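Remarks on the overall topology
What follows is the residue order along each chain.
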Amino acid sequence: PHSLSASPSTIKSMDIFIGETKLTAKSGPLQEQATEGNNVPRTILTKGKKRSRKDMTEEEIHESRKAANRKSARRSHQRQKYVIDQLKREIEDLTQEVTVVTTETSALKEQLQRALEEN
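About the cut-offs
- Residues numbered from 1 in each chain as written.
- Predicted model: local features only at pLDDT ≥ 70, side-chain atom pairs only at ≥ 80, totals over all residues.
- Heavy atoms only, no water.
- Helix = DSSP H or I, 4+ residues; strand = E, 2+ residues; numbered from the N terminus.
- Buried < 20%, exposed > 50% of the residue type's maximum accessible area, 1.4 Å probe, protein only.
- Contact = heavy atoms within 4.5 Å.
- Salt bridge = Lys/Arg side-chain N within 4 Å of Asp/Glu carboxyl O.
- Patch = residues over 30% accessible without salt bridge, like charges linked within 9 Å, V, L, I, M, F, W, Y side chains within 5 Å.
- Areas by Shrake-Rupley, 256 points an atom, 1.4 Å probe, with all protein chains shown as cover.
- Lys, Arg positive; Asp, Glu negative; His and termini not counted.
- Charge placed at Lys NZ, Arg CZ, Asp CG, Glu CD.
- Polar contact = N/O pair within 3.5 Å; in protein donor to acceptor, adjacent residues only side chain to side chain.
- pLDDT = per-residue confidence, 0-100.

1. Things to note about the overall build of the protein
From N to C terminus, the protein includes one helix and seven strands. In the protein, the succession of helices and strands from N to C terminus is β-β-β-β-β-β-β-α. The 119 residues of the protein split such that 10% are buried. In the protein, of all internal contacts separated by at least 6 residues, the share reaching a separation of at least 24 is 35%.

See below:
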């Protein structure tokens, strides 16, 4: 178990980035918190400044959903591109392997044919 601790001073703002996710420490005194493994205690960190949906207008909710959908689509396209690139590399590698094996097979067939003709 890991632990996070700080002096009883007051933290006004602390940004922590995990990948593309921005986490902001809550304002107020930071209490010592125990964590298990790599988990960060939820009492210390919250996602950036996110408003409750009930505090948003219909237009703000719509725009928020559109932004989330765009972000999700961008991540999905990046994953698809990565998978396609990996598959293209695998195709190239396998094509080269087939060429090598075909060449070796032809050479062995010729060697076998010569050996049969000698006997």
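So much for the structure itself; the text now carries on.
2. Quick look at the pattern of salt bridges
Here the structure, examined in full by the defined rule, presents two salt bridges. Across the pair E63 and K66 runs a salt bridge, and its minimum N-O distance is 3.7 Å. One end of the pair is E63 and the other is K66, both in helix α1 (residues 58–118) and three residues apart, which spans about a single turn. Overall, E63 belongs to the partly exposed group, its relative accessible area being 37%. Residues D85 and K81 are paired through a salt bridge, measuring 3.2 Å at the closest nitrogen-oxygen approach. Highlighted residues: D85 and K81, both in helix α1, separated by four residues, approximately one helical turn.

3. Examining a positive patch on the surface
A contiguous patch of positive charge, built from R70, K71, R74, R75 and R79, is present on the exposed surface. Take R74: it is sitting in helix α1. Residue R74 is classed as partly exposed on the basis of its relative accessible area, which comes to 48%.

4. Focus: the environment of T102
Among the structural elements, T102 can be located in helix α1. There is a polar contact of 2.7 Å between the side chain of T102 and the backbone oxygen of V98.

5. Let's talk about a nonpolar patch on the surface
A cluster of nonpolar side chains, namely Y82, V83 and L87, defines an oily patch on the protein surface of about 310 Å² accessible area. Within the fold, Y82 resides in helix α1. For Y82, a relative accessible area of 54% translates into the label exposed.

6. A short note on the confidence of the model for the protein
Summarising the model, the protein shows a mean pLDDT of 75, and 57% of its residues fall at 70 or more. For the protein, the element scoring lowest by mean pLDDT is strand β6 (residues 33–35), at 40; α1 scores highest, at 95. A low-confidence stretch, residues 1–11 stays under pLDDT 50, and its non-local contacts, those more than four residues away or across chains, total 27 contacts. Between residues 27–45, whose pLDDT stays under 50, and residues either more than four places distant or in other chains, the model counts 43 contacts.

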